[in-house]
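Structure at a glance
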Amino acid sequence: MLRFTLRRILQVAPTVVVVALLIFVIFSVVPGTFAVSLFADGKRAADPQLIARLNEEFGLNKPLMERFATYVTDLARFDLGTSFRTRQPVVDLINDRMGASLQLSVAAMVFAIVVGVPFGFLAALRPGSMLDTTTMIGAISGLSLPDFWFGLLLMYLFALQLNWLPSFGYGDGSLQNLILPAVTLGVTPLALLARTTRAGVLDVLNADFIRTAHSKGMSEAKVVRWHVARNALVLIVTTVGLQFGSLIGQAVVIEKLFAWPGIGSLLVDSVAIRDIPVVQGTILVIVLWFLIINTAVDLVYAAIDPRIKQE
Amino acid sequence: MLKRLTLAVMLGLGVSTEALAAGERHGGTLVFTAPYGSSFATLDVQASPNTQEEFITQAIHRALYDWDSIQNKPVLELASSEDVSDDGTVHTYHLRDNAVFHSGKPLTADDIIYSYKRIANPKNAFPGASYIAVIKGADEFIAGKAEEISGLKKIDDHTLEVTFVGPINPGFSLMQNTTVIYPSDVKDEASFAKTPVGLGAFVFKEHIPGSQVVVEKFDKYYEEGKPYLDRIDITLMAEDAARDIAFRNKEIDVSILGPTQYQAYQGEDALKDHLLEVAEVYTRTIGFNPTFEPFKDKRVRQAINYAINTPLIVERLVKNKAYPASGWLPLSSPAFDKDKAPYAFDPEKAKALLAEAGYADGFEFEVTASPNESWGVPIVEAILPMLKKVGITMKPKPVESSALGDAVTSGNFSAYIWSIPSGPDPLNALRCFLSTTPPSACNYSSYANPEFDKLFRAAEQERDPTKQSNLLRQANNLVQDDAPVWFFNYNKAVMAYQPWIHGLVPNATELAVQPYDEIWIDETAPDSRR
């Protein structure tokens, strides 16, 4: 198990390096610079002297290869650089936002698991029933609804009409402020989980070993608990892992809509103003998060199903 | 009570700040929205040129001058009076003797000298350096060739003599967000970005990055009886639709409206009476690059102005949240010519001008445009069929906002559509058409007309404001006639406010930025605000 764990962790490193290089290349070729983008909103006339001073200060006049060397050297020292926009270390900016991002992603995922998995499971145990049909219609709707629109709908209903919850903001980080953005963000993974769970459970239910278990006289409850649930779990854990890993990145729209202070909105702001160190740092953290979750999922597989470890 | 009063109407009626603020009530919390992004770049406002940081400035900081929205001009803020030399270059400021920083330190001339040197310090590369450059010797300091700014001279703790490079109105430069005054006794300058200390009416309390800044009343503020509010939550809300719901749900006290919301709010009885409108100092145009052969001919540029039905676009697409432009300087400019009519919609005249210029069969050009709904691709798409009718084929070249700035400042365009500041200082706004102003600055259309230069130079030297405005008006009319751009519109900024909010002013420089020390909340406000 230790060798397996180490191997999986070591596989993360080259992925991070490739992603870091890709980010550097992409943001070196896209048009627009930080200094020029300060004037892009049309609120002030361009100031060529300021543009020159800022390009000089942030080393943007240096040759591409020199900037690349600095980037790689800094990265090797785990230094993500300094933000052009805030003039603060990128690590500090990400730290400021990470808590809110994790809070939102975890809450969304918990909501998706707690609602999606039981409904998917029950739907599979009674295929063709009213519950099955309703769950699948709900799941397809959940996958089809644009996040932005669904968020506005929730705001309209629970804030404006019912006045139960605040429509926006982080407040003091209380549950009240978290509910609407978490439900909005959680609805897509919920729908996906419900469908995947149903498909996974149906697949297992038709397997030979389930027929064998039944023929041995094992009770329905025991078959479901010991054989169906455990075997369907691999597929469910895969879906949870993939969804959870990508939630921080997917939260961009939700964060903007609900004025939630996560790293998604930090990324959007930074891309718009070409604050390249923050863009690079934020994307790296999102990628790293995705890789960590997936590595964790692999390790969980091995615990659930020893055959995976053997392979 | 302000009810849909435009700046022009307000000025016409002679409405004063006092009249607006009759019956003030102390106490309460204002929930104010900062709509231009989902974060504040920094709390060190001297370092940031963004509009988003101006919300922090208004609460926490003060500059030597401030913008008076009612008088529509910069006025002294940290000085109680000034003496100006006969040639208009030397200003002696008598600083307020009751102005105190939030740290308890009294304001002195040293703080102003320290702040201007920090802003102009070449190592900092701060955006306000170009404003400080109006002070004699600042250019040498910015270039790193001098240890001091020679034009700054401390007479005593409360008297400061400043020599400027010419007989300018220094208020326009020294009222900026980026030229505010910091205390000179700071131990660590990095602290300005975390725990700002200023001279403003409110003290910094808390910053939740990406969410809000909270400020509380400063008891030692120099304006007696102010501020009225106990606390302000300056909340980040970039999304129009979310802001709309929060405003209707009474969670926020003000909201800046886009065209669609403006139209919707006008149609609702509960909302239409609480809209504050002002002609802001931004002119939206399509700029022409004279290196593109057809645009070298003035008749072609004029033909485009005649060929486009501007009022129709303003009405249908911009939902009347703009005023059709009749020249470069906007409605709120002291040099605006109210008698000058905009180009009329006259396709026949456009065709005739094109034929005269040798383009009877038309031509094709590309216009670089961002996705902005009020001055971007949607506007270009509306113009396409109008130009097609006179034989001109226009093709939109959609780019992202940052790339638009890059293309325009580097001259990499045939035409572009953009919103460009055209005030509040008319002299500075028209400087963009001076032949010596490079295209990389703001003379994007490489405009050059000796007659304009002559009028501008005369205005620059003129000390009588009325005579100066007359000269600038003539220069502005010259630009309109030469048509280096298609004159589209002047932005009409609209702010919706809750009925319990008082003291808002029609700020033509940026409506979203309000003087917080003037704002008060009446007893009809919800409990959470009172």
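In what follows, the structure referred to is the one given above.
Residues numbered from 1 in each chain as written. Chains lettered and ligands numbered in written order. Predicted model: local features only at pLDDT ≥ 70, side-chain atom pairs only at ≥ 80, totals over all residues.

**Side note on the environment of Ile112 of chain B**
Residues and elements named next belong to chain B. Checked against the element boundaries, Ile112 lands in helix α4 (residues 109-120). Residue class for Ile112 comes out buried when judged on the 25 C-beta atoms lying within 10 Å of it. Put simply, Ile112 and Pro196 are 84 residues apart on the chain and 16 Å apart in space, counted from C-alpha to C-alpha. The contact partners of Ile112, leaving out residues within four places of it in the chain, are Leu64, Leu160 and Ile181. (Helix = DSSP H or I, 4+ residues; strand = E, 2+ residues; numbered from the N terminus. Buried ≥ 20, exposed ≤ 12 C-beta atoms within 10 Å, placed from the backbone. Contact = placed C-beta atoms within 7 Å.)

**Considerations on the pairing of strand β15 (residues 393-398) of chain B**
Residues and elements named next belong to chain B. In terms of strand pairing, strand β14 (residues 364-369) meets β15 through 6 bridges, oriented parallel. When the bridges of β15 are listed, Thr368 appears paired with Lys397. What joins β14 to β15 is helix α14 (residues 377-388), and the crossover it makes is right-handed. (Pairing = 2+ DSSP bridges. Right-handed = clockwise from strand over helix to strand, strands pointing away.)

**What to know about the sheet that holds strand β4 (residues 79-84) of chain B**
Residues and elements named next belong to chain B. Taken in spatial order, the 4 strands of this open sheet run β4-β5-β7-β6, and their pairing is antiparallel. Two strands bound the open sheet, and with one partner strand each, they are β4 and β6 (152-156). Within this sheet the neighbouring strands show an average axis-to-axis angle of 20°, counted without direction. The sheet contact formed by β4 and strand β5 (residues 90-95) spans 5 bridges and is antiparallel. Within β5, the position partnered with Glu82 by the bridge is Tyr93. On top of the sheet, α4 reaches β5, β6 and β7 (159-163); it is set at about 170° to β6, its chief contact. (Axes fitted to C-alpha atoms, helices over the stretch in contact; angles between N-to-C directions.)

**A look at the nonpolar core**
One finds Tyr416 and Met495 of chain B to be the most contacted residues of the largest nonpolar core, which totals 250 residues. Element by element, the count of residues in this core is highest for helix α5 (residues 90-125) of chain A, at 14 residues. Those residues in contact with Met495 of chain B that lie beyond four places of it in its chain are Val254, Ile256, Leu276, Leu504, Leu511 and Ala512 of chain B. (Core = buried A, V, L, I, M, F, W, Y, C linked by C-beta atoms within 7 Å.)

**Quick word on the pairing of strand β12 (residues 275-288) of chain B**
Residue and element names in this part refer to chain B. When you tally the buried positions in β12, you get 13 out of 14 residues, the bulk of the element. Note: β12 against strand β17 (residues 485-497), 10 bridges, orientation antiparallel. The partner of Ile286 across the bridge, within β17, is Trp486.

**Re unusual backbone geometry**
All names here are of chain B. In this structure, Pro227 follows Lys226 across a cis peptide bond, with omega equal to 0°. With respect to the helices and strands, Pro227 occurs in the loop between β9 (212-217) and β10 (231-236). Put simply, Gly423 and Pro424 share a cis peptide bond, and its omega is 5°. Here Pro424 is to be found in the loop between β16 (415-421) and α16 (426-430).

**Here's the deal with the interface of chain A and chain B**
Counting from both sides, the interface comprises 47 residues of chain A and, opposite them, 47 residues of chain B. Of all elements in the fold, only α2 (34-37), α3 (48-57), α5, α7 (147-161), α11 (252-258) and α12 (263-272) of chain A reach the threshold of two or more residues within the side of chain A that touches chain B. Here the side of chain A that touches chain B takes 6 residues from α3 of chain A, the largest share from any one element. Residue composition of the side of chain A that touches chain B, grouped by class: 25 nonpolar, 10 polar and 12 charged. (Nonpolar A, V, L, I, M, F, W, Y, C, P; charged D, E, K, R; others polar.)

**A look at the packing of helix α6 (residues 130-144) of chain A against helix α8 (residues 175-205) of chain A**
Residue and element names in this part refer to chain A. Between α6 and α8, whose axes approach to 8 Å, the crossing angle comes to 140°. What the angle tells us is that α6 and α8 run oblique. The element α6 and its partner α8 pack so that their crossing is left-handed. Counting all contacts with α6, which are made through Thr135, Ala139, Gly142 and Leu143, the residues of α8 involved are Val187, Thr188, Leu190, Ala191, Leu192, Ala194 and Arg195. Considering only residue class, the contact of α6 with α8 consists of 7 nonpolar, 3 polar and 1 charged. (Parallel < 35°, antiparallel > 145°, perpendicular 65-115°, else oblique. Left-handed = near helix turned anticlockwise from the far one by under 90°.)

**Thoughts on the packing of helix α1 (residues 2-29) of chain A against helix α13 (residues 276-304) of chain A**
All names here are of chain A. Two elements in contact, α1 and α13, have axes separated by 10 Å at closest approach and are oriented at 155°. Comparing their axes, α13 and α1 come out roughly antiparallel. Between α1 and α13 lies a crossing whose hand is right-handed. Packed against α1, whose contacting residues are Phe4, Thr5, Arg8, Ile9, Val12, Thr15, Val16, Val19, Ala20, Ile23, Phe24 and Phe27, the element α13 presents Ile276, Val279, Gln280, Ile283, Leu284, Val287, Leu288, Leu291, Thr295, Asp298, Leu299 and Ala302 at the interface. Of the residues contributing to the contact of α1 with α13, the split by class is 18 nonpolar, 4 polar and 2 charged.

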